Amino acid sequence: MTTQVVRPAGAGYETLIVLSLCALIVALAGAVVFVRTSTDVVSGVAANQFDARRDLSAAEQGLYADLRVAADEILFMTDAQGAAPSVADLAEQGLPPFVQDASAANRGAHAWQRLDLQDGSAYLGLSSDAGVAGSLLLRLPPSALKGEHSAEAGHLHGPSADIWLSREARARAPGNLDESGLLAAGWRQIAAQFDAGVTRQRR
């Protein structure tokens, strides 16, 4: 008669295998996350600037976008006429934000005027309701009006034209419209191009 001893199944070996597989999966996942981690640059603006992405109200965002488009149109009209167009010319062309319509009334009802300067032209829009949108100033230096603008997509954006904002209830244009004069009068430039600032890890 043959006697065979059958030992009860133990979970120790199987548990060790499962734990080893779990450790391997965690290690592989960590390696993938580490490899795919990239550096993200957090851009900042100077203390005398507004960030066009975050610092503007909804009405100011719309006015800012309109002025960027208007800058191109003003350039084309200047090339055709030999002089910067008046506010009336721009309104006649139906070019926002110079048209006095319902949209303009809802975005601060700005009163626009052209300022002729020795170093270029500017378009000043004084807000009737600074709580909705501040006053805006589009500066066009001589290099822009002479067609020395950025060739990228035919746009006038960048150093050739800049847009300033003042949220003062009684904002006005200073006698000197250079950067120092505007800053002294409480105006801040709207920045759409940013210098690299703090870097952070993005996963």
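Residues numbered from 1 in each chain as written. Predicted model: local features only at pLDDT ≥ 70, side-chain atom pairs only at ≥ 80, totals over all residues. Heavy atoms only, no water.

**Structural notes on the sheet that holds strand β6 (residues 162–166)**
In space, the 6 strands of this open sheet follow the order β2-β7-β6-β5-β4-β3, with mixed pairing throughout. Pairing within the sheet leaves two strands with one partner each, and these edge strands are β2 (49–51) and β3 (111–117). On average, each strand axis in the sheet is tilted by 30° relative to the strand beside it, whichever way the strands run. Relative to strand β4 (residues 120–126), β3 runs antiparallel, the two sharing 7 bridges. (Pairing = 2+ DSSP bridges. Helix = DSSP H or I, 4+ residues; strand = E, 2+ residues; numbered from the N terminus. Axes fitted to C-alpha atoms, helices over the stretch in contact; angles between N-to-C directions.)

**Some remarks on the environment of G120**
Among the structural elements, G120 can be located in strand β4. Sequence spacing of G120 and R139 is 19 residues, and the spatial spacing of their C-alpha atoms is 7.6 Å.

**Things to note about the confidence of the model for the protein**
Here the protein averages 80 in pLDDT, while 75% of its residues score no lower than 70. Low pLDDT, under 50, characterises residues 148–159; the predicted model gives this stretch 23 contacts beyond four residues in sequence or across chains. This model gives residues 196–203 a pLDDT under 50, and the stretch forms 23 contacts once residues within four places in sequence are excluded. (pLDDT = per-residue confidence, 0-100. Contact = heavy atoms within 4.5 Å.)

**A short note on unusual backbone geometry**
Cis peptide bonds are those with omega within 30 degrees of zero, and the linkage from P96 to P97 qualifies with 10°. One can find P97 in the loop between α3 (87–92) and α4 (102–106). For A109, which is not glycine, the phi dihedral falls at a positive 45°. The partly exposed category is assigned to A109, whose relative accessible area is 29%. (Buried < 20%, exposed > 50% of the residue type's maximum accessible area, 1.4 Å probe, protein only.)

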